[in-house]
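Architecture at a glance
Now for the letters of each chain:
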Amino acid sequence: MTAQGEVLLVGAAVTAPGFALTAPISFWGGVDPKSGTISDPRHPEHGTRLAGLALMIPATVGSSSAAAILLELVHGGRAPAAVILHEPDAILLLGLIVAKEMGMQTPIAIRLDRDQFAALHGHELQISESGLLRSA
Amino acid sequence: MAVTLTTEERAIAGGSLGEGAAMAMRIVAETARLMGAQQLIAIESAHIDGALYHGDSGTLFAETLVAGGAKVSVRSTLNVGAIDLTGCSRNRLPAHEHAMASRMMTAYRLLGCEQTWTCAPYQAGHRPRFGAQVAWGESNAVAFCNSVLGARTNRYGDFLDIACAIAGRAPDYGLHRTENRRASVVFDVSKLDHTFLYSDIAWPILGHLYGRLIGDAVGVVSGLNFRPWEDLLKAFGAAAASAGAVGLFHVAGATPEAGDEAIALHFRPPLERIMVTPDMVLDAQRRLSTADRADRIDAVAIGSPHLSLEEFDMLRRLMGGRKTAVPIYACTGRHVVKVLERDGHRQELEALGVVIVADTCVVVTPILPDTPGAILMTNSGKFAHYAPSNTGYAVLYGSLADCVESAVVGVPMFGVQS
(Lines give C-alpha, C1' and ligand atoms only; values in the text may rest on other atoms or scores of the structure.)
Protein backbone atom coordinates (compact mmCIF):
# COMPACT_ATOMS: atom_id res chain seq x y z
CA MET A 1 0.00 0.00 0.00
CA THR A 2 1.01 3.66 -0.24
CA ALA A 3 0.35 6.68 1.92
CA GLN A 4 1.14 10.33 1.29
CA GLY A 5 2.46 12.20 4.30
CA GLU A 6 3.33 15.85 4.70
CA VAL A 7 7.04 16.59 5.01
CA LEU A 8 7.72 18.45 8.28
CA LEU A 9 11.50 18.43 8.05
CA VAL A 10 13.33 17.45 4.89
CA GLY A 11 15.63 14.45 4.81
CA ALA A 12 16.98 11.88 2.38
CA ALA A 13 14.79 9.14 0.89
CA VAL A 14 15.14 5.94 2.89
CA THR A 15 13.98 2.33 3.07
CA ALA A 16 13.37 1.10 6.62
CA PRO A 17 11.12 -1.22 8.61
CA GLY A 18 7.84 0.46 9.60
CA PHE A 19 7.28 0.35 13.36
CA ALA A 20 4.18 1.92 14.93
CA LEU A 21 4.15 2.69 18.65
CA THR A 22 0.81 1.79 20.22
CA ALA A 23 0.96 4.38 23.01
CA PRO A 24 2.16 7.98 23.40
CA ILE A 25 5.82 8.31 24.32
CA SER A 26 7.86 10.68 26.45
CA PHE A 27 11.39 10.86 25.03
CA TRP A 28 12.87 12.34 28.24
CA GLY A 29 12.58 9.64 30.86
CA GLY A 30 11.05 7.25 28.30
CA VAL A 31 13.93 6.62 25.90
CA ASP A 32 17.45 5.82 27.08
CA PRO A 33 19.75 8.11 25.07
CA LYS A 34 22.73 5.80 25.62
CA SER A 35 21.17 2.60 24.24
CA GLY A 36 18.44 4.13 22.07
CA THR A 37 15.79 1.79 23.48
CA ILE A 38 12.42 2.56 25.03
CA SER A 39 13.22 2.53 28.75
CA ASP A 40 9.82 3.36 30.27
CA PRO A 41 8.65 0.03 31.76
CA ARG A 42 5.01 1.16 31.49
CA HIS A 43 5.27 1.65 27.70
CA PRO A 44 3.88 -1.30 25.67
CA GLU A 45 6.92 -1.27 23.35
CA HIS A 46 9.37 -1.17 26.30
CA GLY A 47 12.77 -2.49 25.20
CA THR A 48 12.34 -1.65 21.50
CA ARG A 49 15.49 -0.32 19.82
CA LEU A 50 14.62 2.79 17.80
CA ALA A 51 17.73 2.92 15.60
CA GLY A 52 17.00 2.52 11.89
CA LEU A 53 13.21 2.23 12.21
CA ALA A 54 10.62 4.19 10.27
CA LEU A 55 9.13 5.12 13.63
CA MET A 56 5.42 6.00 13.73
CA ILE A 57 4.51 8.02 16.85
CA PRO A 58 0.80 8.44 17.65
CA ALA A 59 1.40 11.16 20.29
CA THR A 60 4.13 12.58 22.49
CA VAL A 61 3.87 13.48 26.16
CA GLY A 62 6.10 14.83 28.86
CA SER A 63 9.09 17.01 29.33
CA SER A 64 10.43 19.79 27.19
CA SER A 65 13.79 17.98 27.20
CA ALA A 66 12.57 15.55 24.49
CA ALA A 67 14.63 17.45 21.90
CA ALA A 68 17.81 16.90 23.90
CA ILE A 69 17.24 13.14 23.86
CA LEU A 70 16.50 13.03 20.12
CA LEU A 71 19.62 15.10 19.40
CA GLU A 72 21.64 12.72 21.56
CA LEU A 73 20.26 9.76 19.53
CA VAL A 74 21.24 11.40 16.23
CA HIS A 75 24.66 12.32 17.63
CA GLY A 76 25.27 8.73 18.74
CA GLY A 77 24.00 7.16 15.48
CA ARG A 78 21.00 5.62 17.26
CA ALA A 79 18.17 7.69 15.76
CA PRO A 80 15.20 6.30 13.83
CA ALA A 81 15.61 6.30 10.02
CA ALA A 82 12.42 8.33 9.70
CA VAL A 83 10.18 10.05 12.25
CA ILE A 84 6.48 9.86 11.41
CA LEU A 85 4.16 11.88 13.64
CA HIS A 86 0.41 12.16 13.88
CA GLU A 87 0.84 15.78 14.95
CA PRO A 88 3.81 18.11 14.49
CA ASP A 89 5.58 18.38 17.85
CA ALA A 90 8.02 21.28 17.87
CA ILE A 91 9.58 20.22 21.17
CA LEU A 92 10.62 16.84 19.75
CA LEU A 93 11.46 17.99 16.22
CA LEU A 94 13.68 20.72 17.62
CA GLY A 95 16.16 17.90 18.25
CA LEU A 96 16.34 17.33 14.49
CA ILE A 97 16.42 21.04 13.64
CA VAL A 98 19.42 21.47 15.95
CA ALA A 99 21.13 18.31 14.66
CA LYS A 100 20.84 19.64 11.12
CA GLU A 101 22.27 23.00 12.21
CA MET A 102 25.23 21.14 13.70
CA GLY A 103 25.87 19.44 10.39
CA MET A 104 24.62 15.98 11.32
CA GLN A 105 22.74 13.70 8.93
CA THR A 106 19.11 13.81 10.14
CA PRO A 107 16.14 11.55 9.41
CA ILE A 108 13.19 12.87 7.44
CA ALA A 109 10.18 13.91 9.57
CA ILE A 110 6.70 13.37 8.18
CA ARG A 111 3.17 14.09 9.37
CA LEU A 112 0.74 11.26 8.74
CA ASP A 113 -2.66 10.46 10.23
CA ARG A 114 -2.29 7.78 12.90
CA ASP A 115 -5.21 5.81 11.39
CA GLN A 116 -2.76 4.76 8.68
CA PHE A 117 -0.06 3.50 11.07
CA ALA A 118 -1.37 -0.06 11.53
CA ALA A 119 -1.30 -0.85 7.81
CA LEU A 120 2.33 0.27 7.54
CA HIS A 121 3.54 -1.47 10.71
CA GLY A 122 5.77 -4.48 10.17
CA HIS A 123 6.43 -3.71 6.49
CA GLU A 124 9.62 -2.56 4.83
CA LEU A 125 8.79 1.02 3.83
CA GLN A 126 10.24 2.98 0.93
CA ILE A 127 10.02 6.64 1.91
CA SER A 128 10.57 9.35 -0.69
CA GLU A 129 11.89 12.87 -0.12
CA SER A 130 8.37 14.15 -0.81
CA GLY A 131 6.85 12.09 2.02
CA LEU A 132 5.37 9.22 -0.02
CA LEU A 133 5.44 5.95 1.92
CA ARG A 134 5.27 2.69 -0.03
CA SER A 135 5.27 -0.73 1.60
CA ALA A 136 7.29 -3.35 -0.26
CA MET B 1 2.49 26.68 7.29
CA ALA B 2 4.13 29.96 6.41
CA VAL B 3 5.97 32.26 8.72
CA THR B 4 6.89 35.70 7.48
CA LEU B 5 10.25 37.05 8.62
CA THR B 6 11.15 40.73 8.53
CA THR B 7 14.02 41.90 6.33
CA GLU B 8 16.21 42.23 9.44
CA GLU B 9 15.32 38.72 10.66
CA ARG B 10 16.12 37.26 7.26
CA ALA B 11 19.46 39.06 7.21
CA ILE B 12 20.35 37.73 10.68
CA ALA B 13 19.35 34.19 9.62
CA GLY B 14 21.65 34.66 6.66
CA GLY B 15 24.62 35.57 8.84
CA SER B 16 24.66 39.39 9.08
CA LEU B 17 25.45 39.16 12.81
CA GLY B 18 27.63 36.06 12.59
CA GLU B 19 27.08 32.35 12.34
CA GLY B 20 25.95 31.82 15.98
CA ALA B 21 23.21 34.45 15.73
CA ALA B 22 22.22 33.03 12.33
CA MET B 23 21.83 29.54 13.75
CA ALA B 24 19.70 30.84 16.63
CA MET B 25 17.42 32.81 14.29
CA ARG B 26 16.99 29.81 11.96
CA ILE B 27 16.06 27.56 14.91
CA VAL B 28 13.43 30.06 16.09
CA ALA B 29 12.06 30.50 12.54
CA GLU B 30 11.91 26.73 11.86
CA THR B 31 10.01 26.19 15.12
CA ALA B 32 7.63 29.01 14.23
CA ARG B 33 6.96 27.37 10.86
CA LEU B 34 6.26 23.99 12.49
CA MET B 35 3.88 25.50 15.06
CA GLY B 36 1.96 27.49 12.48
CA ALA B 37 3.05 30.89 13.84
CA GLN B 38 2.69 33.66 11.27
CA GLN B 39 5.49 35.84 12.63
CA LEU B 40 8.11 36.25 15.31
CA ILE B 41 7.66 38.66 18.21
CA ALA B 42 10.32 40.61 20.10
CA ILE B 43 10.99 39.36 23.64
CA GLU B 44 12.23 41.27 26.71
CA SER B 45 13.88 38.50 28.68
CA ALA B 46 14.65 34.79 28.84
CA HIS B 47 15.18 32.16 31.51
CA ILE B 48 17.34 29.34 30.19
CA ASP B 49 16.70 25.75 31.22
CA GLY B 50 19.04 24.29 28.59
CA ALA B 51 22.26 24.31 30.64
CA LEU B 52 21.43 21.09 32.48
CA TYR B 53 23.50 18.21 31.09
CA HIS B 54 21.54 15.35 29.43
CA GLY B 55 24.31 14.12 27.09
CA ASP B 56 27.37 15.33 25.23
CA SER B 57 25.45 16.69 22.23
CA GLY B 58 23.87 19.44 24.35
CA THR B 59 27.32 20.63 25.40
CA LEU B 60 28.52 20.57 21.78
CA PHE B 61 25.46 22.61 20.71
CA ALA B 62 26.21 25.34 23.25
CA GLU B 63 29.88 25.36 22.28
CA THR B 64 28.90 25.66 18.58
CA LEU B 65 26.94 28.82 19.45
CA VAL B 66 29.92 30.19 21.41
CA ALA B 67 32.29 29.43 18.52
CA GLY B 68 29.88 31.25 16.19
CA GLY B 69 30.21 34.40 18.30
CA ALA B 70 26.65 34.32 19.62
CA LYS B 71 25.55 36.43 22.60
CA VAL B 72 22.16 36.73 24.22
CA SER B 73 20.41 39.94 23.17
CA VAL B 74 18.02 40.18 26.13
CA ARG B 75 18.41 39.68 29.88
CA SER B 76 18.83 35.91 30.35
CA THR B 77 19.03 34.12 33.68
CA LEU B 78 20.14 30.51 34.04
CA ASN B 79 18.20 27.65 35.56
CA VAL B 80 20.01 24.94 37.52
CA GLY B 81 23.01 23.08 36.15
CA ALA B 82 24.25 19.63 37.12
CA ILE B 83 27.04 20.95 39.37
CA ASP B 84 27.00 23.04 42.55
CA LEU B 85 29.60 25.63 41.56
CA THR B 86 29.42 27.30 44.99
CA GLY B 87 30.92 24.19 46.58
CA CYS B 88 28.15 23.96 49.20
CA SER B 89 27.40 20.35 48.18
CA ARG B 90 29.11 17.54 46.27
CA ASN B 91 27.73 15.20 43.60
CA ARG B 92 28.57 11.68 42.45
CA LEU B 93 28.72 12.35 38.68
CA PRO B 94 31.26 10.14 36.84
CA ALA B 95 34.36 12.01 35.58
CA HIS B 96 33.30 12.30 31.92
CA GLU B 97 29.77 13.54 32.74
CA HIS B 98 31.16 15.97 35.31
CA ALA B 99 33.58 17.43 32.77
CA MET B 100 30.93 17.75 30.03
CA ALA B 101 28.40 19.28 32.44
CA SER B 102 31.02 21.77 33.56
CA ARG B 103 31.90 22.70 29.95
CA MET B 104 28.18 23.18 29.27
CA MET B 105 27.77 25.58 32.20
CA THR B 106 30.84 27.52 31.01
CA ALA B 107 29.45 27.77 27.46
CA TYR B 108 26.17 29.30 28.68
CA ARG B 109 28.14 31.82 30.75
CA LEU B 110 30.15 32.76 27.65
CA LEU B 111 26.89 33.29 25.73
CA GLY B 112 26.20 36.13 28.16
CA CYS B 113 23.68 34.49 30.50
CA GLU B 114 23.57 35.61 34.14
CA GLN B 115 24.91 32.99 36.51
CA THR B 116 21.82 32.76 38.65
CA TRP B 117 21.60 28.94 38.48
CA THR B 118 18.18 28.88 40.08
CA CYS B 119 14.74 27.53 39.26
CA ALA B 120 13.22 30.48 41.17
CA PRO B 121 14.66 33.37 39.09
CA TYR B 122 11.56 35.38 39.99
CA GLN B 123 12.85 35.49 43.59
CA ALA B 124 16.39 36.30 42.45
CA GLY B 125 15.49 39.67 40.98
CA HIS B 126 14.26 38.60 37.54
CA ARG B 127 10.61 39.66 37.40
CA PRO B 128 9.31 40.64 33.96
CA ARG B 129 6.62 43.32 33.99
CA PHE B 130 2.93 42.53 33.50
CA GLY B 131 2.19 41.80 29.83
CA ALA B 132 5.86 41.49 28.80
CA GLN B 133 6.64 38.98 26.05
CA VAL B 134 9.41 36.66 27.28
CA ALA B 135 10.86 33.20 26.57
CA TRP B 136 11.19 31.21 29.76
CA GLY B 137 12.06 27.59 30.39
CA GLU B 138 11.70 25.35 33.48
CA SER B 139 8.12 24.35 34.11
CA ASN B 140 7.68 25.98 37.54
CA ALA B 141 9.30 29.23 36.37
CA VAL B 142 7.06 29.28 33.29
CA ALA B 143 3.95 28.77 35.43
CA PHE B 144 5.01 31.51 37.88
CA CYS B 145 6.01 33.95 35.15
CA ASN B 146 2.73 33.56 33.26
CA SER B 147 0.40 33.20 36.21
CA VAL B 148 1.76 35.30 39.08
CA LEU B 149 3.64 37.98 37.15
CA GLY B 150 1.31 38.10 34.13
CA ALA B 151 4.20 38.10 31.65
CA ARG B 152 3.72 35.94 28.54
CA THR B 153 5.70 32.85 27.67
CA ASN B 154 5.21 29.40 26.21
CA ARG B 155 6.89 26.41 27.84
CA TYR B 156 10.35 26.75 26.32
CA GLY B 157 12.79 23.86 26.53
CA ASP B 158 16.29 22.87 25.55
CA PHE B 159 17.80 24.70 22.54
CA LEU B 160 14.78 26.90 21.82
CA ASP B 161 15.20 28.89 25.04
CA ILE B 162 18.76 29.96 24.24
CA ALA B 163 17.93 30.39 20.52
CA CYS B 164 15.16 32.86 21.45
CA ALA B 165 17.47 34.64 23.91
CA ILE B 166 20.11 35.14 21.20
CA ALA B 167 17.61 36.07 18.47
CA GLY B 168 15.61 38.28 20.84
CA ARG B 169 12.54 36.78 19.19
CA ALA B 170 10.01 34.03 19.80
CA PRO B 171 7.39 32.35 17.59
CA ASP B 172 4.05 34.15 17.96
CA TYR B 173 1.65 31.44 19.12
CA GLY B 174 0.19 29.83 22.25
CA LEU B 175 0.37 31.76 25.53
CA HIS B 176 1.98 34.78 23.86
CA ARG B 177 -1.49 35.56 22.49
CA THR B 178 -4.33 36.98 24.60
CA GLU B 179 -7.02 34.64 23.28
CA ASN B 180 -5.10 31.58 24.49
CA ARG B 181 -4.79 32.91 28.06
CA ARG B 182 -8.49 32.58 28.82
CA ALA B 183 -9.42 30.06 31.52
CA SER B 184 -11.75 27.35 30.23
CA VAL B 185 -12.02 25.29 33.43
CA VAL B 186 -12.95 26.40 36.96
CA PHE B 187 -11.19 24.61 39.85
CA ASP B 188 -13.55 25.45 42.72
CA VAL B 189 -12.09 24.97 46.23
CA SER B 190 -14.96 26.59 48.16
CA LYS B 191 -16.00 23.23 49.66
CA LEU B 192 -12.60 22.80 51.36
CA ASP B 193 -11.81 23.73 54.96
CA HIS B 194 -10.26 27.20 55.02
CA THR B 195 -7.82 26.34 57.80
CA PHE B 196 -6.42 23.73 55.43
CA LEU B 197 -6.29 26.17 52.51
CA TYR B 198 -4.37 28.64 54.67
CA SER B 199 -1.60 26.10 55.42
CA ASP B 200 1.60 25.46 53.43
CA ILE B 201 0.82 21.73 53.14
CA ALA B 202 -2.30 22.41 51.04
CA TRP B 203 -0.79 24.04 47.97
CA PRO B 204 1.46 21.30 46.55
CA ILE B 205 -1.45 18.87 47.04
CA LEU B 206 -3.90 21.20 45.26
CA GLY B 207 -1.34 21.83 42.52
CA HIS B 208 -0.81 18.12 41.98
CA LEU B 209 -4.57 17.55 41.74
CA TYR B 210 -5.02 20.54 39.44
CA GLY B 211 -2.22 19.38 37.12
CA ARG B 212 -3.58 15.87 36.86
CA LEU B 213 -7.16 17.01 36.17
CA ILE B 214 -6.51 20.01 33.94
CA GLY B 215 -3.36 18.97 32.01
CA ASP B 216 -2.38 21.59 29.45
CA ALA B 217 -5.64 23.58 29.58
CA VAL B 218 -5.85 26.96 31.32
CA GLY B 219 -7.88 26.94 34.54
CA VAL B 220 -8.90 29.34 37.29
CA VAL B 221 -8.81 28.46 41.00
CA SER B 222 -11.92 29.89 42.56
CA GLY B 223 -13.58 30.02 45.98
CA LEU B 224 -10.75 31.24 48.25
CA ASN B 225 -11.55 33.80 50.96
CA PHE B 226 -7.97 35.08 51.25
CA ARG B 227 -5.15 36.03 48.96
CA PRO B 228 -2.49 33.27 48.89
CA TRP B 229 1.04 34.64 49.36
CA GLU B 230 3.80 34.21 46.85
CA ASP B 231 5.46 31.07 48.24
CA LEU B 232 2.08 29.27 48.21
CA LEU B 233 1.50 30.15 44.54
CA LYS B 234 5.05 29.06 43.77
CA ALA B 235 4.46 25.65 45.40
CA PHE B 236 1.10 25.28 43.63
CA GLY B 237 2.54 26.08 40.20
CA ALA B 238 5.50 23.74 40.61
CA ALA B 239 3.30 20.80 41.60
CA ALA B 240 0.77 21.58 38.85
CA ALA B 241 3.43 21.87 36.16
CA SER B 242 5.05 18.57 37.08
CA ALA B 243 1.78 16.62 37.27
CA GLY B 244 0.37 18.16 34.06
CA ALA B 245 1.63 20.37 31.25
CA VAL B 246 0.41 23.50 33.05
CA GLY B 247 1.91 26.70 31.63
CA LEU B 248 -0.62 29.20 33.00
CA PHE B 249 -3.13 29.12 35.85
CA HIS B 250 -5.27 31.86 37.32
CA VAL B 251 -6.38 32.35 40.94
CA ALA B 252 -9.54 34.45 41.18
CA GLY B 253 -8.86 37.60 43.18
CA ALA B 254 -5.12 36.90 43.45
CA THR B 255 -3.34 36.66 40.10
CA PRO B 256 -3.12 39.65 37.73
CA GLU B 257 -5.33 38.38 34.90
CA ALA B 258 -8.04 37.15 37.27
CA GLY B 259 -9.55 40.08 39.18
CA ASP B 260 -12.38 37.62 39.61
CA GLU B 261 -13.53 34.34 38.09
CA ALA B 262 -15.49 36.00 35.26
CA ILE B 263 -12.50 38.08 34.17
CA ALA B 264 -10.30 34.95 34.01
CA LEU B 265 -12.99 33.29 31.86
CA HIS B 266 -13.05 36.36 29.55
CA PHE B 267 -16.75 36.57 30.47
CA ARG B 268 -17.61 33.30 28.75
CA PRO B 269 -19.03 30.18 30.40
CA PRO B 270 -16.44 27.55 31.43
CA LEU B 271 -16.32 24.19 29.64
CA GLU B 272 -16.23 22.56 33.06
CA ARG B 273 -16.47 23.41 36.76
CA ILE B 274 -14.53 20.99 38.98
CA MET B 275 -15.89 21.04 42.55
CA VAL B 276 -12.90 19.93 44.64
CA THR B 277 -13.97 17.73 47.56
CA PRO B 278 -12.04 16.77 50.71
CA ASP B 279 -11.90 13.18 49.39
CA MET B 280 -10.20 14.35 46.18
CA VAL B 281 -7.64 16.19 48.31
CA LEU B 282 -6.97 13.13 50.48
CA ASP B 283 -6.51 11.00 47.38
CA ALA B 284 -4.08 13.53 45.84
CA GLN B 285 -2.17 13.71 49.12
CA ARG B 286 -1.83 9.92 49.19
CA ARG B 287 -0.54 9.92 45.59
CA LEU B 288 2.28 12.29 46.51
CA SER B 289 3.73 9.64 48.82
CA THR B 290 5.08 6.48 47.19
CA ALA B 291 6.73 4.75 50.15
CA ASP B 292 4.67 1.75 51.22
CA ARG B 293 5.72 2.20 54.85
CA ALA B 294 5.97 5.31 56.99
CA ASP B 295 8.16 3.96 59.78
CA ARG B 296 11.57 5.37 58.81
CA ILE B 297 13.29 7.99 56.64
CA ASP B 298 16.83 8.29 55.28
CA ALA B 299 16.82 11.95 54.26
CA VAL B 300 14.68 15.07 53.97
CA ALA B 301 14.78 17.26 50.85
CA ILE B 302 13.22 20.70 50.57
CA GLY B 303 13.54 23.48 48.04
CA SER B 304 11.86 22.61 44.75
CA PRO B 305 11.40 25.32 43.64
CA HIS B 306 14.50 26.74 45.33
CA LEU B 307 13.88 28.05 48.86
CA SER B 308 13.35 31.76 49.39
CA LEU B 309 14.86 33.67 52.33
CA GLU B 310 11.42 33.61 54.00
CA GLU B 311 11.37 29.82 53.70
CA PHE B 312 14.84 29.63 55.27
CA ASP B 313 13.60 31.83 58.15
CA MET B 314 10.76 29.37 58.67
CA LEU B 315 13.21 26.45 58.54
CA ARG B 316 15.45 28.06 61.19
CA ARG B 317 12.48 28.80 63.41
CA LEU B 318 11.22 25.20 63.17
CA MET B 319 14.70 23.78 63.83
CA GLY B 320 14.97 25.89 66.98
CA GLY B 321 18.69 25.10 67.27
CA ARG B 322 18.11 21.32 67.41
CA LYS B 323 20.43 18.89 65.61
CA THR B 324 19.01 16.57 62.95
CA ALA B 325 19.14 12.78 63.17
CA VAL B 326 18.89 12.44 59.36
CA PRO B 327 20.21 15.13 56.97
CA ILE B 328 18.01 17.87 55.53
CA TYR B 329 19.02 18.77 51.95
CA ALA B 330 17.93 22.40 51.46
CA CYS B 331 18.10 23.43 47.79
CA THR B 332 18.35 27.09 46.92
CA GLY B 333 20.01 29.66 44.68
CA ARG B 334 23.31 31.44 45.28
CA HIS B 335 21.35 34.70 45.70
CA VAL B 336 19.98 33.25 48.95
CA VAL B 337 23.25 31.57 50.04
CA LYS B 338 24.98 34.95 49.91
CA VAL B 339 22.54 36.41 52.44
CA LEU B 340 22.63 33.29 54.62
CA GLU B 341 26.42 33.53 54.77
CA ARG B 342 26.38 37.23 55.54
CA ASP B 343 24.05 36.61 58.49
CA GLY B 344 25.92 33.54 59.75
CA HIS B 345 22.91 31.33 59.05
CA ARG B 346 24.61 28.99 56.59
CA GLN B 347 27.21 27.99 59.18
CA GLU B 348 24.53 27.67 61.87
CA LEU B 349 22.32 25.43 59.71
CA GLU B 350 25.20 23.26 58.51
CA ALA B 351 26.29 22.68 62.10
CA LEU B 352 22.80 21.34 62.81
CA GLY B 353 22.94 18.82 59.93
CA VAL B 354 21.41 20.80 57.06
CA VAL B 355 23.18 20.28 53.71
CA ILE B 356 22.73 23.43 51.65
CA VAL B 357 22.60 22.67 47.92
CA ALA B 358 23.06 25.65 45.59
CA ASP B 359 23.04 26.04 41.77
CA THR B 360 21.40 22.62 41.33
CA CYS B 361 19.08 20.25 43.20
CA VAL B 362 18.83 16.69 44.43
CA VAL B 363 16.55 15.36 41.65
CA VAL B 364 18.61 16.56 38.67
CA THR B 365 22.06 15.42 39.77
CA PRO B 366 23.23 12.58 42.05
CA ILE B 367 23.76 14.23 45.46
CA LEU B 368 21.73 11.92 47.72
CA PRO B 369 23.67 8.82 48.83
CA ASP B 370 23.04 5.82 46.57
CA THR B 371 21.10 3.72 49.07
CA PRO B 372 18.82 0.96 47.75
CA GLY B 373 15.33 1.08 49.27
CA ALA B 374 15.91 4.50 50.84
CA ILE B 375 13.05 6.84 51.79
CA LEU B 376 13.01 10.60 51.25
CA MET B 377 10.63 12.94 53.04
CA THR B 378 9.72 16.21 51.31
CA ASN B 379 7.28 19.10 51.42
CA SER B 380 7.65 19.69 47.66
CA GLY B 381 5.08 18.41 45.18
CA LYS B 382 7.74 18.53 42.49
CA PHE B 383 10.33 16.53 44.47
CA ALA B 384 7.57 14.06 45.33
CA HIS B 385 6.83 13.66 41.61
CA TYR B 386 10.41 13.23 40.32
CA ALA B 387 12.37 11.72 43.23
CA PRO B 388 11.23 8.09 42.72
CA SER B 389 12.29 7.92 39.04
CA ASN B 390 15.33 10.20 39.24
CA THR B 391 16.87 9.19 42.57
CA GLY B 392 15.46 5.75 43.34
CA TYR B 393 14.21 7.04 46.71
CA ALA B 394 10.62 6.32 47.71
CA VAL B 395 8.83 9.44 48.94
CA LEU B 396 6.84 10.51 52.00
CA TYR B 397 5.06 13.85 51.66
CA GLY B 398 4.49 16.20 54.60
CA SER B 399 4.46 19.87 55.59
CA LEU B 400 7.69 21.76 56.27
CA ALA B 401 7.03 21.37 60.01
CA ASP B 402 6.55 17.59 59.54
CA CYS B 403 9.80 17.39 57.54
CA VAL B 404 11.84 19.28 60.14
CA GLU B 405 10.42 17.36 63.11
CA SER B 406 10.98 14.05 61.31
CA ALA B 407 14.60 14.96 60.54
CA VAL B 408 15.22 15.91 64.18
CA VAL B 409 13.53 12.82 65.65
CA GLY B 410 14.74 10.47 62.89
CA VAL B 411 11.36 8.89 62.15
CA PRO B 412 8.46 10.24 60.09
CA MET B 413 6.08 12.53 61.99
CA PHE B 414 2.88 13.94 60.52
CA GLY B 415 0.47 16.67 61.58
CA VAL B 416 3.16 18.68 63.41
CA GLN B 417 2.04 22.20 64.45
CA SER B 418 4.04 24.83 62.59
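Model, not experiment: these values are computed from the prediction.

Per the secondary structure count, chain A includes three helices and ten strands. For chain A, the sequential pattern of α-helices and β-strands runs β-β-β-β-β-β-α-β-α-β-α-β-β. Taken over the C-alpha trace, chain A has a radius of gyration of 13 Å; the compact-globule value for 136 residues is 14 Å, and the two agree within 12%. Its C-alpha atoms give chain A principal-axis dimensions of about 35 × 35 × 20 Å. For chain A, the proportion of its 136 residues judged to be buried stands at 49%.

A common way to report how large an interface is uses the accessible area buried once the components associate. Residues and elements named next belong to chain B. When its domains are assigned, chain B resolves into domain 1 (7–170), domain 2 (182–286) and domain 3 (290–409). The straight-line distance from the C-alpha centre of domain 1 to that of domain 3 is 28 Å. Each partner contributes residues to the interface: domain 1 has 21 residues there, and domain 3 has 20 residues. Class assignment of the residues belonging to the side of domain 1 that touches domain 3 gives a composition of eleven nonpolar, eight polar and two charged.

A few words on the pairing of strand 12 (residues 354–358) of chain B. All names here are of chain B. Across the five residues of strand 12, five count as buried, placing the element largely inside the fold. Both faces of strand 12 are covered, namely the face carrying Val354, Ile356 and Ala358 and the face carrying Val355 and Val357. Here strand 11 (residues 328–332) runs beside strand 12; their pairing, made up of five bridges, is parallel. When the sheet's bridge partners are listed, Tyr329 is paired in strand 12 with Val355.

This brings us to the nonpolar core. A general trend in soluble globular proteins is that nonpolar side chains are found buried together. With 195 residues, the main nonpolar core has Leu70(A), Ala24(B), Val28(B), Cys164(B), Tyr329(B) and Val357(B) as its most contacted residues. At ten residues, helix 2 (residues 19–34) of chain B tops the list of elements feeding residues into this core. Residue contacts for Leu70(A): discarding those within four places in its chain leaves Phe27(A), Ala79(A), Leu92(A), Gly95(A) and Leu96(A).

All names here are of chain B. Ordered in space as 3-2-4, the three strands form an open sheet in which the pairing is parallel. Two strands bound the open sheet, and with one partner strand each, they are strand 3 (75–78) and strand 4 (135–136). In this structure, strand 2 (residues 45–48) lies alongside strand 3, joined through four bridges in parallel fashion. By the bridge assignment for strand 3, Ile48 is matched with Leu78.

Here we come to the packing of helix 1 (residues 66–75) of chain A against helix 2 (residues 90–101) of chain A. Residue and element names in this part refer to chain A. Here helix 1 crosses helix 2 at 40 degrees, and the two axes come no closer than 7 Å. Accordingly, the angle class assigned to the pair helix 1 and helix 2 is oblique. In the packing of helix 1 onto helix 2, the handedness of the crossing is right-handed. Only Ile91, Leu92, Leu94, Gly95, Leu96, Val98 and Ala99 of helix 2 make contact with helix 1, whose side of the interface consists of Ala66, Ala67, Ala68, Leu70, Leu71 and Val74. Taken together, the residues that form the contact of helix 1 with helix 2 break down as twelve nonpolar, one polar and no charged.

Calculation criteria
Residues numbered from 1 in each chain as written. Chains lettered and ligands numbered in written order. Predicted model: local features only at pLDDT ≥ 70, side-chain atom pairs only at ≥ 80, totals over all residues. Helix = DSSP H or I, 4+ residues; strand = E, 2+ residues; numbered from the N terminus. Rg over C-alpha atoms; globule rule 2.2 N^0.38 Å. Buried ≥ 20, exposed ≤ 12 C-beta atoms within 10 Å, placed from the backbone. Domains from an automatic or database assignment. Contact = placed C-beta atoms within 7 Å. Nonpolar A, V, L, I, M, F, W, Y, C, P; charged D, E, K, R; others polar. Pairing = 2+ DSSP bridges. Core = buried A, V, L, I, M, F, W, Y, C linked by C-beta atoms within 7 Å. Axes fitted to C-alpha atoms, helices over the stretch in contact; angles between N-to-C directions. Parallel < 35°, antiparallel > 145°, perpendicular 65-115°, else oblique. Left-handed = near helix turned anticlockwise from the far one by under 90°.

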